[in-house]
Number of protein chains: 2
Amino acid sequence: MVCPATRWRRRKEARPQELTAAALELFVEKGYAATRLDEIAAQAGVSKGTLYLYFTSKEELFKAVVREGLLPLLAEGEVLVANAPGPASELFRVIVMRWWEVVGDNPIGGISKLIFAEARNFPEIARFYAEEVIERGKRLLAAALQRGIDSGEFRPFNPDDLVHIVFSPLMMRLVWKHSLDCCGVHTVPVDVYLREYIELMLRGLRSDVV
Amino acid sequence: MVCPATRWRRRKEARPQELTAAALELFVEKGYAATRLDEIAAQAGVSKGTLYLYFTSKEELFKAVVREGLLPLLAEGEVLVANAPGPASELFRVIVMRWWEVVGDNPIGGISKLIFAEARNFPEIARFYAEEVIERGKRLLAAALQRGIDSGEFRPFNPDDLVHIVFSPLMMRLVWKHSLDCCGVHTVPVDVYLREYIELMLRGLRSDVV
DNA sequence: ATTAAATTACCGACCGGTCAGTTATTAAAT
DNA sequence: ATTTAATAACTGACCGGTCGGTAATTTAAT
């Protein structure tokens, strides 16, 4: 840290972004309830009082983290599904790998696990997340599956019945990473996991005609 | 409530079981950290001080809940896998349906979600659970998959690479049930979910030879 | 340019409430 | 009368949110 001649500086523009960044890190590390606003403020180099100048409550701070970190990624994914050429199996592969790259393997991925962990205790946050993130994500994957059915690559099924099942191994790997992974439990390497997952799913989804 | 002549009774034998039952219910409903020992004691009809006569700490109380509720089920599953006759696909079906019956669809299932939710904040509990429950469960499922490979029903793969992937949709459904389900998010009915899951997995696992 | 007044970003002590764990006391059982 | 299961009051640490005061910066007057 650079040692300033002054005790602090006015940086009205930079504060919100620095606070959401600090909040993301600590929310992911400790969860929503267990993260103290004192800590977030300290991590961002301000005091707790300052935090309240920019966000009206802990909950609003959290929502800001989600809006900033997750909604742009969803928008990107929607573009990808709408425009991707080639077979549905290839689209599926790309979605999986890209999702792991930008969500699974990034701090923001910890938010998903946090939601499952604390939805019951913070229903307002859960509802916000379900509407803004989960619904959009489900539509995205269902559209990709539908493309495979339409083209005959995938057997006929109701995409809405399968989105959760198909996505679960990815979500579960992410949950695992942010929970038991930290406690020295053995796990399969990510590249193996993703490869075997994609193969299992494509075999399970493909149509019977050879 | 029956009105007792006395303000309370000495019931040394019954207390531990009543306390673990109350603890299970509240831990599942609110999570580990958010459940107050006052509440558990009240639910069991005693005071908080009494709880400490039978369990040395919140953590030990939790471990007792797991030992009492989950370890007998694992033992039953191990017997099932060791003795079940018939093809591996049928064994897989039975394991899935039975697991949902005794874990997924029972209060004790909430413990699994709790572990994922709070492992990071309570590493000692996570390690205990990983050793006593998860390792045993993984061995159980891996053995069932191995049987299918040996018999030629399943294609060749490393069962240890696939256990997490295969089990994820079940685990995820359970996590969902104890988190976002409570917040009015639409979900597929359980029977449809399980049927589609089993079909997807068996198609994904079966060997190519017809 | 210099200085002084006005503004406001920021600090940090504080409050009300919560909760795991302890202990002094009471009362049931024999 | 003695033993001990059970109670209830208590402790100390913690935390979300508030608020009076302070200091960095801006503006206006000379």
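Remember, it's a predicted structure, so these values are computed and weren't measured experimentally.

Considering the packing of helix H9 (residues 159-177) of chain A against helix H10 (residues 190-205) of chain B
And then number 1: Put simply, H9 of chain A and H10 of chain B touch, their axes get as near as 10 Å, and they point 55° apart. As far as their axial angle goes, H10 of chain B and H9 of chain A are oblique. With respect to the hand of their crossing, H9 of chain A and H10 of chain B are arranged in right-handed fashion. For the pair H9 of chain A and H10 of chain B, the contacting residues are Asp161, Leu162, His164, Ile165, Val166 and Ser168 of chain A in the first and Val192, Tyr193, Glu196, Tyr197 and Leu200 of chain B in the second.
And then number 2: Each residue belonging to the contact of H9 of chain A with H10 of chain B can be placed in one class, and the counts come to 7 nonpolar, 2 polar and 2 charged.

Regarding the relation of the copies chain B and chain A
Both copies of the chain are related through a single rotation about an axis accompanied by a shift along the same axis.
And then number 1: Structural alignment of chain B on chain A gives an RMSD of 0.1 Å, achieved by rotating through 180° and translating 0.0 Å along the axis. When the rotation and shift are considered jointly, the pair of chain copies conforms to a two-fold rotation axis.

Points about the protein's contact with DNA strand C
And then number 1: Near DNA strand C you find 24 residues, and of these Arg15, Ser47 and Tyr54 of chain A together with Arg36 and Lys48 of chain B are the closest.
And then number 2: When the atoms of DNA strand C within 4 Å of the protein are grouped by moiety, sugar and phosphate amount to 68% of the total.
And then number 3: The side chain of threonine 50 of chain A places a nitrogen or oxygen atom 2.7 Å from a phosphate oxygen of DNA strand C.
And then number 4: For the surface near DNA strand C, the secondary structure elements donating two or more residues are helix H3 (48-54) of chain A together with helix H3 (48-54) of chain B.
And then number 5: Counting residues per element, the surface near DNA strand C draws most heavily on H3 of chain A, which supplies 4 residues.

Thoughts on the protein's contact with DNA strand D
And then number 1: Residues in contact with DNA strand D amount to 27 residues; listed here are only the nearest, Arg36 of chain A together with Arg10, Arg11, Thr50 and Tyr54 of chain B.
And then number 2: Among the atoms of DNA strand D lying within 4 Å of the protein, the sugar-phosphate backbone contributes 67%.
And then number 3: One nitrogen or oxygen atom from the main chain of threonine 35 of chain A is found 3.1 Å from a phosphate oxygen belonging to DNA strand D.
And then number 4: Note that a phosphate oxygen of DNA strand D is positioned 2.5 Å from one of the side-chain N or O atoms of tyrosine 52 of chain A.
And then number 5: At the level of elements, H3 of chain A together with H3 of chain B are the ones that each hand at least two residues to the surface near DNA strand D.
And then number 6: Looking at the surface near DNA strand D element by element, the count peaks at 4 residues for H3 of chain B.

Topic: the side chain of arginine 15 of chain B
All names here are of chain B.
And then number 1: Here arginine 15 is to be found in helix H1 (residues 15-30).
And then number 2: Among the residues examined, arginine 15 registers a relative accessible area of 10% and is labelled buried.
And then number 3: The residues contacting arginine 15, other than those within four sequence positions of it, are Arg9, Val46 and Tyr54.

Digging into the pattern of salt bridges
And then number 1: Evaluated as defined, the whole model comprises 40 salt bridges over all chains.
And then number 2: Its salt-bridge partner being arginine 203 of chain A, residue glutamate 199 of chain A comes within 3.1 Å of it at the nearest N-O pair. A residue pair is termed a helical-turn pair when its members lie 3 or 4 positions apart in one helix, as glutamate 199 of chain A and arginine 203 of chain A do in helix H10 (residues 190-205) at 4 residues.
And then number 3: Accessibility expressed as a relative area gives 31% for glutamate 199 of chain A, which makes it partly exposed.
And then number 4: With a shortest N-O distance of 2.8 Å, arginine 98 of chain B and glutamate 76 of chain B are connected by a salt bridge. Residue arginine 98 of chain B is found in helix H6 (residues 88-104), and its partner glutamate 76 of chain B is found in helix H5 (residues 71-83); the two are separated by 22 residues along the sequence.
And then number 5: Take arginine 98 of chain B: its relative accessible area is 29%, and that puts it in the partly exposed class.

Describing the side chain of arginine 155 of chain B
And then number 1: Here arginine 155 of chain B is to be found in the loop between helix H8 (123-151) and helix H9 (159-177).
And then number 2: A polar contact is formed between the side chain of arginine 155 of chain B and the backbone oxygen of glycine 204 of chain B, at a distance of 2.8 Å.
And then number 3: Those residues in contact with arginine 155 of chain B that lie beyond four places of it in its chain are Glu199, Leu200 and Arg203 of chain A together with Ile149, Leu162, Gly204, Leu205, Arg206 and Ser207 of chain B.

Here's the deal with the packing of helix H1 (residues 15-30) of chain A against helix H4 (residues 58-69) of chain A
All names here are of chain A.
And then number 1: Running from N to C, H1 and H4 cross one another at 95°; their axes reach a closest spacing of 9 Å. Accordingly, the angle class assigned to the pair H1 and H4 is roughly perpendicular. Where H1 approaches H4, its residues Gln17, Leu19, Thr20, Ala23, Leu24 and Phe27 are matched on the opposing element by Lys58, Leu61, Phe62, Ala64, Val65 and Glu68.
And then number 2: Across the contact of H1 with H4, the residue classes break down as 8 nonpolar, 2 polar and 2 charged.

So, the environment of leucine 202 of chain A
Residues and elements named next belong to chain A.
And then number 1: As for its placement among the helices and strands, leucine 202 is situated in helix H10.
And then number 2: A relative accessible area of 12% places leucine 202 in the buried class.
And then number 3: Filtering out sequence-adjacent residues up to four positions away, leucine 202 remains in contact with Ser89, Phe92, Arg93 and Phe154.

Digging into the interface of chain B and chain A
And then number 1: Each partner contributes to the interface: chain B provides 51 residues, whereas chain A provides 51 residues.
And then number 2: Interface of chain B and chain A: buried area, both sides summed, is about 4,500 Å²; carbon and sulfur atoms make up 67% of it.
And then number 3: Summed over the three residues of chain B that lose the most area to chain A, namely Phe116, Arg120 and Leu200 of chain B, the buried surface amounts to 17% of that side.
And then number 4: Where chain B meets chain A, there are 6 salt bridges.
And then number 5: Two residues, glutamate 199 of chain A and arginine 155 of chain B, come together in a salt bridge whose shortest N-O distance is 3.7 Å.
And then number 6: Counting across the chain B and chain A interface gives 8 residue pairs in polar contact (both at pLDDT 80 or more).
And then number 7: When contributions to the side of chain B that touches chain A are tallied by element, the ones reaching two or more residues are H1, helix H7 (110-118), H8, H9 and H10 of chain B.
And then number 8: The dominant element in the side of chain B that touches chain A, judged by the number of residues it contributes, is H9 of chain B, at 12 residues.
And then number 9: Taken together, the residues of the side of chain B that touches chain A break down into 29 nonpolar, 7 polar and 15 charged.

What counts and how
- Each chain has its residues counted from 1, running along the sequence as written.
- Each chain takes a letter, starting from A, and each ligand takes a number, starting from 1, following the order in which they are written.
- Per-residue local features are limited, in this predicted model, to residues with pLDDT of at least 70; the limit for side-chain atom pairs, both in listing and counting, is 80 or more; totals at the level of whole chains, interfaces and linings are taken over all residues.
- Just so you know, side-chain values use all the structure's heavy atoms and leave hydrogens and water out.
- Whenever a helix is involved, its axis is fitted only over the stretch in contact; in every case the axis is a line through C-alpha atoms, and angles between N-to-C directions fall within 0 to 180 degrees.
- In this description a helix means any DSSP run of H or I spanning at least four residues, a strand means any run of E spanning at least two, and both kinds are numbered starting from the N terminus.
- For this classification, under 35 degrees means roughly parallel, over 145 means roughly antiparallel, 65 to 115 means roughly perpendicular, and everything else is oblique.
- Crossings are sorted by hand: turned counterclockwise from the far helix by less than a right angle, the near helix makes the crossing left-handed, and turned clockwise it makes it right-handed.
- Contacts are assigned to residue pairs with any non-hydrogen atoms lying within 4.5 Å of each other.
- Gly counts as polar in this scheme, as do all residues outside two lists: the nonpolar Ala, Val, Leu, Ile, Met, Phe, Trp, Tyr, Cys and Pro, and the charged Asp, Glu, Lys and Arg.
- Only residues with pLDDT of at least 70 in both copies contribute their C-alpha atoms to the least-squares superposition of the copies.
- Put simply, a residue is near a molecule or strand once any heavy atom of it comes within 4 Å of that molecule or strand.
- Under this definition, polar contacts are N or O atom pairs within 3.5 Å; protein pairs additionally need one hydrogen-donor-capable and one acceptor-capable atom, and for neighbouring residues in sequence, both atoms have to be side-chain atoms.
- Three labels apply to residues, based on accessible area from a 1.4 Å probe with only protein chains included: buried if under 20% of the type maximum, exposed if over 50%, partly exposed otherwise in between.
- Salt bridge, as used here: a side-chain nitrogen of Lys or Arg that lies within 4 Å of a carboxyl oxygen of Asp or Glu.
- Buried area is understood as the total, over both parts, of accessible area removed when two parts are fitted together, assessed with a 1.4 Å probe.

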